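Listed here are the chains, written in short residue letters.
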Amino acid sequence: MTQPADSTRQLNLPTSPADLTCRPHLLTRPADSIRGAHPHRPEGNRPPHPSRHTVMDKQRLTLSVLTLLPLAVACGTQTAGGGSAGTGSSPVTGVHWSVDTLTTHGRTRQAPDSAYLRIGEDGRVSGNLGCNTFGSTVTLKGDRVDFGTIEATDMGCQKDPMSFEQSLSHAYVDNTFTSEVKGDKLTLTTDGGDRVNLTKEPDAPLYGTKWTVTSLGDGDVAQSLPEGADAHFTLDKANGTLSGRLGCNHVTAKATVRDGHITLGAAKTTRMMCDGSLMDTERTLLGLFDSTVVYELNHRSIALTSTNGKTVQAVADE
């Protein structure tokens, strides 16, 4: 809910973990007061933000958590309000910028690994503030960058990421930046000298990337892999094959990629026996072979969907 123009809400940081809850909040830019309204977070303990490994420990999650689409987090998908401000082509658009550091009031802080910024040519912005995923709009005039209202999810995280997030969100909303791109580096500098330093992170290619499976889904519900499962795959363009592991056994198969689809041949596997949960994972993954699946790439993640609605989520190996 947007606050009146003469009020500013602050984020109360969690002090210890408990049940994760989340709801959307808006960071607005009042016209005649301090810009950047933040939500009040009710007191109570919140858990740390789930890293990839933490998420994999959970047994049931909605698909929106596990797909790395803009604004997808544990509480669902939120869209940026305020409409679209067209920008056209620019050195800062169409790039996944990982946030490296934030300098405010003479103090420089390292960003959490999850913090990033992506500006589309249509003026829409997506990213992560260090804990929560956010959306916004932007106006680009020459080298000037002006963010609009920010809409973000409201997960609780540990103190350091939340503190960084609060500072970064205020920096985005409260200022107009001058941008400078040098090679794969982007610097956003306010008129007062505060800075956001970012680095271009290239998208992972479909071929040659080791895709580590993070979850298996059926319909709108996904389940993380059991502990000890080693499931991954790599597509070889030259040989027209897929190879990897299914959670227990190694696998190879013919693979043909065309028009957003991957046609997999019959699976050839080793014959090891593993724990029951690992074999269940393997049987699920084997169901993708000898069929055609739809694939969707999003920066460094890939989603496979079979004809019967089964899904596999995977991320590029670091």
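Placed above this text is the structure.
Each value, and the rule that gives it
As a convention, each chain's residues are numbered from 1 in the sequence order in which they are written. Given that this is a predicted model, residues contribute local features only at a pLDDT of at least 70 and side-chain atom pairs are listed and counted only at 80 or more, while totals for whole chains, interfaces and linings are drawn from all residues. Hydrogens are left out, water is left out, and the side-chain values use all remaining heavy atoms of the structure. We call a set of buried residues a nonpolar core when its members are Ala, Val, Leu, Ile, Met, Phe, Trp, Tyr or Cys and they connect through side-chain atoms within 4.5 Å of each other. A simple rule labels every residue: compare its accessible area, found with a 1.4 Å probe on the protein chains alone, to the largest value its type can have, and call it buried under 20%, exposed over 50%, or partly exposed in between. Helix numbering and strand numbering both begin at the N terminus, where a helix is a DSSP run of H or I of at least 4 residues and a strand a DSSP run of E of at least 2. Residue contacts are counted whenever heavy atoms from the two residues lie within 4.5 Å of one another. Only rings of Phe, Tyr and Trp enter the pairing, Trp through its six-membered ring, and a pair is recorded when the two centres are within 6.5 Å. The plane angle decides the type: under 30 degrees is stacked, over 60 is edge-to-face, the rest tilted. Two cysteine sulfurs form a disulfide in these notes if their separation is within 2.5 Å. A side-chain nitrogen of Lys or Arg and a carboxyl oxygen of Asp or Glu constitute a salt bridge if their distance falls within 4 Å. DSSP bridges decide pairing: two strands pair if at least two such bridges lie between them. To be clear, the arc concerns the directions from the helix axis to the C-beta atoms.

A few points about the nonpolar core
Across soluble globular proteins, nonpolar side chains show a tendency to be buried alongside one another.
So, point 1. Core analysis: the biggest nonpolar cluster contains 28 residues, and Leu117, Tyr172 and Val196 have the highest contact counts within it.
So, point 2. Contributing elements (two or more residues each) for this core: strand 5 (96–104), strand 7 (116–119), strand 9 (133–141), strand 10 (144–147), strand 11 (150–152), helix 3 (159–174), strand 13 (185–190) and strand 14 (195–200).
So, point 3. A per-element tally of this core places helix 3 first, with 5 residues.
So, point 4. Beyond its immediate chain neighbours, meaning those up to four positions away, Leu117 contacts Val95, His96, Trp97, Val125, Ser126, Gly127, Phe134, Phe147, Tyr172, Leu188 and Leu198.
So, point 5. With 26 residues, the next largest nonpolar core counts Leu288, Val293, Ile302 and Leu304 among its residues.

Things to note about the packing of aromatic side chains
So, point 1. A full pass over the atoms with the stated rule returns 4 aromatic pairs.
So, point 2. For the pair Phe147 and Tyr172, a centre-to-centre distance of 4.8 Å together with 45 degrees between the ring planes defines the contact as tilted. Placement of the pair is Phe147 in strand 10 and Tyr172 in helix 3, with a sequence separation of 25 residues.
So, point 3. By relative accessible area, Tyr172 is classed as buried at 0%.
So, point 4. Relative to Phe177, the ring of Phe147 has its centre 6.0 Å away and its plane inclined at 85 degrees; by these criteria the two rings are edge-to-face. A residue pair is termed long-range when its members are at least 10 positions apart, and Phe147 in strand 10 and Phe177 in strand 12 (residues 176–182) qualify at 30 residues.
So, point 5. When its relative accessible area of 1% is taken as the criterion, Phe147 is described as buried.
So, point 6. An aromatic cluster is built from Phe134, Phe147, Tyr172 and Phe177, whose rings are joined through pairwise contacts.

Focus on the state of the cysteines
So, point 1. Within this structure, the stated rule accounts for 1 disulfide.
So, point 2. Between the sulfur atoms of Cys248 and its disulfide mate Cys274 the distance is 1.8 Å. Of note, the bridge from Cys248 to Cys274 carries an S-S torsion of about 75 degrees and is right-handed in sense. Residue Cys248 is found in the loop between strand 18 (241–247) and strand 19 (250–258), and its partner Cys274 is found in the loop between strand 21 (268–269) and helix 4 (276–286); the two are separated by 26 residues along the sequence.

A short note on the pattern of salt bridges
So, point 1. As enumerated under the stated definition, the model contains 6 salt bridges in all.
So, point 2. Among the ionic pairs, Lys185 bridges to Asp100, the shortest N-O distance being 4.0 Å. Here Asp100 lies in strand 5 and Lys185 lies in strand 13, a separation of 85 residues in the sequence.
So, point 3. Here Asp280 ties to Arg283 by a salt bridge, and the two come within 2.4 Å at their closest N and O atoms. Here Asp280 pairs with Arg283, and both are found in helix 4, just 3 residues apart, close to one helical turn.
So, point 4. Look at Asp280 and you get partly exposed, because its relative accessible area is 43%.
So, point 5. Since its relative accessible area comes to 52%, Arg283 is described here as exposed.

Side note on unusual backbone geometry
So, point 1. The phi angle at His105 is positive, at roughly 55 degrees, despite the residue not being glycine.
So, point 2. Note that His105 resides in the loop between strand 5 and strand 6 (107–110).
So, point 3. Accessibility expressed as a relative area gives 78% for His105, which makes it exposed.
So, point 4. At Asp259, a residue that is not glycine, the phi angle is positive and equals roughly 50 degrees.
So, point 5. For Asp259, the location among the structural elements is in the loop between strand 19 and strand 20 (261–264).

Some remarks on the environment of Thr256
So, point 1. Position of Thr256 among the secondary structure elements: in strand 19.
So, point 2. As a C-alpha pair, Thr256 and Asn239 span 17 residues in sequence and 9.9 Å in three-dimensional space.
So, point 3. When neighbours within four sequence positions are excluded, Thr256 is seen to be in contact with His261, Ile262 and Thr263.

Some details on the pairing of strand 18
So, point 1. Judged from the 7 bridges that link them, strand 17 (residues 230–236) and strand 18 form a sheet pairing that is antiparallel. Bridging across to strand 18, His232 finds its partner in Arg245.
So, point 2. Hairpin remark: strand 17 followed by strand 18, antiparallel, with 4 residues in the connecting loop; positive phi at Gly240, about 65 degrees.
So, point 3. Of the pairings in the sheet, the one linking strand 18 to strand 19 comprises 5 bridges and is antiparallel in character.

Section: helix 4
So, point 1. Of the positions making up helix 4, those classed as buried are Leu278, Met279, Thr281, Glu282 and Leu285. End-on, the buried residues of helix 4 take up no more than an arc of 155 degrees, which puts them together on one face.
So, point 2. Against strand 15 (211–218), strand 17, strand 18 and strand 24 (310–316) lie the buried residues of helix 4.

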